[in-house]
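# A structural walkthrough
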Amino acid sequence: MRLGMTYDLRQDYLALGWDEEETAELDGVETLDAIAGALGALGYDVDRIGNVHRLAERLVAGERWELVFNIAEGFAGVGREAQVPALLDAYEVPYVFSDPLVCALTLHKGMTKRLVRDMGVPTPAFAVVTALADAEAVELPFPLFVKPVAEGTSKGISAASRVTGRAELLAECRRQLPRFPAGLLVETYLPGRELTVGVLGSGARAEAVAAMEVTLLPGAEEGIYSWANKDQWEERCRYALAEGAAAEEARALALAVWRGLGCRDGGRVDLRADAAGRLAFLEVNPLPGLDPVKGDLPILCRLAGMPYQELLGRIVDSARARLTPRSPAAAATGGE
């Protein structure tokens with residue numbers, strides 16, 4: 001099978017003057033090499049396409065692929081993660097991971113939390129702030145947590161994100177709003193355990209592989225899985241599989257969110273406990289980082305005994321299950 005690969009190469013954006021945190025979600029050459037190598041070992045012929053602009057050029061030129069492995073995060077707008085899936089849908093080219101609706105929705109944490117709340121899944125009380133006047137009108141008990149409403153990889157999160165009073169809230173919003181014009185999410189701060197659940201598959205076939213707990217070590221920014229803590233994870237974080245009732249609850253909540261939102265193939269659901277130990281939904285990542293060394297999903301799967309190549313194989317197998325006799329890939333394999 002000829003497998004295209006779409007991505008945003010971090011080095012390209014660094015060369016244009018963007019900084020390390022601004023490009024934190026994008027992929028390095030090492031990750032692309034690891035993905036292509038694992039897929040090649042599984043028998044796929046991998047064609048590196050590049051970002052949405054390169055994809056558009058090649059589609060217009062008439063090129064097609066039997067399946068596209070899409071890890072392109074995009075770089076502009078709240079719909080950036082939906083750009084490649086939408087373009088592929090327009091040309092009827094099948095692809096790995098979630099569709100444009102899911103990608104656009106889940107990038108906006110406020111919109112996602114509204115739907116998850118309607119599903120009956122617990123999530124911290126919140127407000128979306130797009131102007132300082134919104135922050136002044138927030139009526140939630142402190143402490144609160146402030147983060148960009150449409151970013152990932154802990155971008156914009158630091159020790160200052162936990163605010164204990166109105167003055168700190170306004171100061172943090174005043175500092176962050178110019179950096180993140182899509183707005184900020186302000187939610188009740190949960191002081192308990194932080195878990196992330198890896199999910200593989202789609203719909204009824206989705207499986208919560210394992211729940212991984214993130215513990216901050218001495219020297220880390222305290223109580224917050226910040227961008228700095230995540231970037232320097234080897235010195236600041238300890239990752240371990242959660243066990244017992246908490247792990248079972250985490251997997252059940254993650255599957256409810258994954259299936260309820262219509263996420264596909266593979267990703268993560270992040271949860272955190274309140275002071276009483278009750279878990280609540282924070283966010284979902286349907287376009288997971290796949291760095292084989294420091295990506296949370298690969299780390300989680302490795303701890304659960306699943307090698308990197310098997311992880312990628314299961315993700316692609318989930319996408320291939322959607323292929324129809326009409327699609328080029330299904331036709332090439334006899335509709336299997």
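Everything here concerns the structure above.
Just so it is clear, the model here is predicted, and its values are computed rather than measured. (Residues numbered from 1 in each chain as written. Predicted model: local features only at pLDDT ≥ 70, side-chain atom pairs only at ≥ 80, totals over all residues. Heavy atoms only, no water.)

Quantified by volume, the second largest pocket comes out at close to 460 Å³. If you go around the second largest pocket, you meet 24 residues; those closest to its centre are Phe 75, Glu 151, Lys 155, Arg 179 and Phe 180. For the lining of the second largest pocket, the per-class residue count stands at eleven nonpolar, four polar and nine charged. (1 Å grid on protein atoms, 1.4 Å probe; cavity = no way out; pocket = protein on both sides within 12 Å on 5 of 7 lines; lining within 4 Å. Points joined across faces, edges and corners; volume = space filled by probe spheres on them. Nonpolar A, V, L, I, M, F, W, Y, C, P; charged D, E, K, R; others polar.)

Let us look at the packing of aromatic side chains. Taken as a whole and judged by the stated rule, the model has four aromatic pairs. One aromatic cluster is present, formed by Tyr 13, Trp 18 and Phe 75 through successive ring pairs. (Phe/Tyr/Trp six-rings, centres within 6.5 Å; stacked < 30°, edge-to-face > 60°.)

If you trace the backbone, Pro 288 turns up in the loop between strand E13 (279-285) and helix H12 (296-303). Separated by 211 residues in sequence, Pro 288 and Gly 77 have C-alpha atoms that sit 19 Å apart. Setting aside its immediate chain neighbours within four residues, Pro 288 contacts Phe 97, Gly 266, Gly 267 and Leu 297. (Helix = DSSP H or I, 4+ residues; strand = E, 2+ residues; numbered from the N terminus. Contact = heavy atoms within 4.5 Å.)

Strand order in the open sheet formed by four strands is E2-E1-E3-E4, with parallel pairing between adjacent strands. Unpaired on one side and paired on the other, strand E2 (45-50) and strand E4 (95-96) mark the two borders of the sheet. Of the pairings in the sheet, the one linking strand E1 (residues 2-6) to strand E3 (residues 67-70) comprises four bridges and is parallel in character. The residue bridging Gly 4 from the neighbouring strand is Val 68, located in E3. Seen against the sheet, helix H2 (residues 29-41) touches E1, E2 and E3 and runs at an angle of roughly 155° to E2. Strand contacts of helix H3 (residues 52-60): E1 and E2, with the helix running at about 110° to E2, the strand carrying the most contacts. (Pairing = 2+ DSSP bridges. Axes fitted to C-alpha atoms, helices over the stretch in contact; angles between N-to-C directions.)

With that settled, the discussion passes to the nonpolar core. Judged by nonpolar contacts, the single largest core of 39 residues is most densely connected at Ile 35, Phe 69, Leu 290, Leu 311 and Leu 312. Listed by contribution, the elements that provide at least two residues to this core are E1, H2, E3, strand E10 (207-216), strand E11 (237-241), H12 and helix H13 (308-320). When near neighbours in sequence (up to four residues on either side) are disregarded, Leu 312 contacts Ile 35, Ala 38, Leu 39, Leu 42, Phe 69 and Leu 290. One finds Leu 195, Val 199, Leu 253 and Phe 281 within the second-largest nonpolar core, a separate group that totals 26 residues. (Core = buried A, V, L, I, M, F, W, Y, C linked by side-chain atoms within 4.5 Å. Buried < 20%, exposed > 50% of the residue type's maximum accessible area, 1.4 Å probe, protein only.)

Take the pattern of salt bridges next. When the charged atoms of two side chains with opposite charge come close together, those side chains can pair. One pass over the full model with this rule turns up 20 salt bridges. Put simply, Arg 2 and Glu 63 hold a salt bridge, and the shortest N to O gap is 3.6 Å. Separated by 61 residues along the polypeptide, Arg 2 in strand E1 and Glu 63 in the loop between H3 and E3 bring together distant segments of the chain. Look at Arg 2 and you get partly exposed, because its relative accessible area is 28%. Judged by relative accessible area, Glu 63 falls into the partly exposed class, the value being 27%. A salt bridge links Asp 33 to Arg 48, with the nearest nitrogen and oxygen atoms 2.9 Å apart. Taken together, the positions of Asp 33 in helix H2 and Arg 48 in strand E2 put the pair 15 residues apart, joining distant regions of the chain. One network of salt bridges, in which partners are shared, links Arg 2, Asp 47, Arg 58 and Glu 63. (Salt bridge = Lys/Arg side-chain N within 4 Å of Asp/Glu carboxyl O.)

Position of Arg 264 among the secondary structure elements: in the loop between helix H11 (244-261) and strand E12 (266-273). Buried within the structure, Arg 264 lacks any salt-bridge partner; Asp 99 is the closest side chain of opposite charge, at an N-O distance of 4.4 Å. Here the side chain of Arg 264 touches Phe 97 through a polar contact of 3.0 Å, landing on its backbone oxygen. Those residues in contact with Arg 264 that lie beyond four places of it in its chain are Tyr 95, Phe 97, Ser 98, Asp 99, Gly 201, Ser 202, Trp 258 and Arg 322. (Lys, Arg positive; Asp, Glu negative; His and termini not counted. Polar contact = N/O pair within 3.5 Å; in protein donor to acceptor, adjacent residues only side chain to side chain.)

In this fold, Ala 137 is placed in the loop between helix H7 (132-136) and strand E6 (144-148). Taking the C-alpha atoms as reference points, Ala 137 and Ala 242, separated by 105 residues in sequence, lie 38 Å from one another.

Residues spaced three or four apart along an α-helix face the same direction, because each turn holds 3.6 residues. What helix H4 (residues 83-90) keeps buried is the set Val 84, Pro 85 and Leu 88. Buried residues in H4, looked at end-on, bunch into an arc of 100°, giving them a common side. On the buried face of H4, the contacting elements are E1, H3, E3, E4 and helix H5 (100-107). Once H4 finishes, Glu 92 follows within two positions and takes phi at roughly 55°, a positive value. (Arc of directions from axis to C-beta.)

So, about the packing of H3 against H4. One way to put it is that H3 packs onto H4 with a least axis distance of 10 Å and a crossing angle of 10°. Considering their axes alone, H3 and H4 lie roughly parallel with respect to each other. Of the residues in H4, those in contact with Val 52, Leu 55, Ala 56 and Leu 59 of H3 are Gln 83, Val 84, Leu 87 and Leu 88. Here the residues of the contact of H3 with H4 are counted per class, giving seven nonpolar, one polar and no charged. (Parallel < 35°, antiparallel > 145°, perpendicular 65-115°, else oblique.)

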